[in-house]
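Each chain is listed here by its residues.
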Amino acid sequence: MKEEDRQKFDIKSYIPYFRKFHLFLGISYLVLGLLITYLINEEVGGIFLGIYPILAYGYFMWSSRKFSKNINTKWNKLGIYILIAALIFVIGMMYSGVKEDKLIVHPQSIEFTGSYSETLNQNEIQNIALVKALPNIVRKTHGFAVGKIRKGYFKTDQDEVIKLIINEDKGSYILFTKTNGKKVYFSSKEKSNESILNEIKKKLPEIEYQ
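Residues numbered from 1 in each chain as written. Predicted model: local features only at pLDDT ≥ 70, side-chain atom pairs only at ≥ 80, totals over all residues. Heavy atoms only, no water.

Caption draft 1: Structural view of helix α5 (residues 193–203). When α5 is considered as a whole, its buried residues turn out to be Asn193, Ile196, Leu197 and Ile200. An end-on view of α5 places all buried positions within 100 degrees of arc, on one side of the element. For α5, the elements touching its buried residues are β1 (103–105), β2 (109–112), β4 (125–131), β8 (173–178), β9 (183–187) and β10 (208–209). (Buried < 20%, exposed > 50% of the residue type's maximum accessible area, 1.4 Å probe, protein only. Helix = DSSP H or I, 4+ residues; strand = E, 2+ residues; numbered from the N terminus. Arc of directions from axis to C-beta. Contact = heavy atoms within 4.5 Å.)

Caption draft 2: Highlighting a nonpolar patch on the surface. Together, Ile27, Leu30, Val31, Leu32, Leu34, Leu35, Tyr38, Leu39, Ile40 and Val44 make up a nonpolar patch on the protein surface, roughly 1,000 Å² of accessible area in all. Top contributing element to the nonpolar patch by residue count: helix α2 (residues 11–39), with 8 residues. With respect to the helices and strands, Ile27 occurs in helix α2. (Patch = residues over 30% accessible without salt bridge, like charges linked within 9 Å, V, L, I, M, F, W, Y side chains within 5 Å. Areas by Shrake-Rupley, 256 points an atom, 1.4 Å probe, with all protein chains shown as cover. Salt bridge = Lys/Arg side-chain N within 4 Å of Asp/Glu carboxyl O.)

Caption draft 3: Main features of the pattern of salt bridges. Scanning the model with the defined rule gives 8 salt bridges in all. In this structure, Glu160 and Lys183 form a salt bridge, with 3.9 Å as the shortest nitrogen-oxygen distance. Pair noted here: Glu160 is in the loop between β6 (149–156) and β7 (161–166) and Lys183 is in strand β9, with a separation of 23 residues, a long-range link. On the basis of relative accessible area, Glu160 is assigned to the partly exposed category, the value being 27%. A salt bridge links Glu199 to Lys203, with the nearest nitrogen and oxygen atoms 3.5 Å apart. Pair noted here: Glu199 and Lys203 are both in helix α5, with a separation of 4 residues, about one helical turn.

Caption draft 4: Molecular detail of the packing of aromatic side chains. Taken as a whole, this structure holds 16 aromatic pairs when the rule is applied. Ring plane angle 45 degrees and centroid distance 5.3 Å describe the contact between Tyr17 and Phe67, whose orientation is recorded as tilted. You can see Tyr17 sitting in helix α2 and its partner Phe67 sitting in the loop between α3 (42–63) and α4 (73–98), a full 50 residues away along the chain. The exposure classification of Tyr17 matches that of Phe67, with both residues buried. Between Tyr29 and Tyr52, the aromatic rings sit 6.3 Å apart at their centres with planes inclined by 15 degrees, giving stacked as the arrangement. (Phe/Tyr/Trp six-rings, centres within 6.5 Å; stacked < 30°, edge-to-face > 60°.)

Caption draft 5: How the structure looks around α3. The first and last C-alpha atoms of α3 sit 31 Å apart over 22 residues, in line with the 32 Å expected at 1.5 Å per residue. At Ile51, α3 is deflected by roughly 30 degrees, the largest bend along its length, and proline Pro53 occurs up to four residues later in sequence. Buried within α3 are the following residues: Glu43, Gly45, Gly46, Phe48, Ile51, Tyr52, Pro53, Ile54, Ala56, Gly58, Phe60 and Ser63. Sitting at the amino-terminal end of α3 is Asn41, which places a side-chain oxygen 3.0 Å from the backbone nitrogen of Glu43. (Expected span 1.5 Å × (residues − 1). Bend = angle between axes of the 7 residues up to and from the residue. Polar contact = N/O pair within 3.5 Å; in protein donor to acceptor, adjacent residues only side chain to side chain.)

Coordinates in, geometry out; function isn't part of it.
The structure is reproduced here in structure tokens:
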């Protein structure tokens, strides 16, 4: 700020307000996040943790205008607009992430829909298997992860990058191993993974199954 604007700014009142807001934000973020995660589920808890801080800081910027006495209001408005844009982006990303990505079986291929869509031709699939566990994931390289929903590319403790399309953790996963060695793990939300695998076997009997 310019020196004349700094003199007008009510810093003595602003600092206690700033402190109280962040104490409230920290405590409410922790308590509400834990309550929502354990009382509802991890997915809703993850959505809350992503959206709540943006809403809170939007309110903070709007309510703290009273201390500035309309100094640089255009920058305050710009900050609020940026937060609104960030909120819309996060909501869109969350919606896209939690929406079920489906597996569609075609006569000569298998299609995965969604943000990490992919079509595997029959000659690109080495084998398909139903497994009971995922590899030990150490980090996400490029993807979406909220609760037990995981979509995108993840690195294992064996330094292998695998693709996950996990709509829901059902205790079983369909593993697609490509001819190039790359692996895709899929788990449905609406259907059982066993029924999906049986459908694949009927339509694509020439693929090797384990």
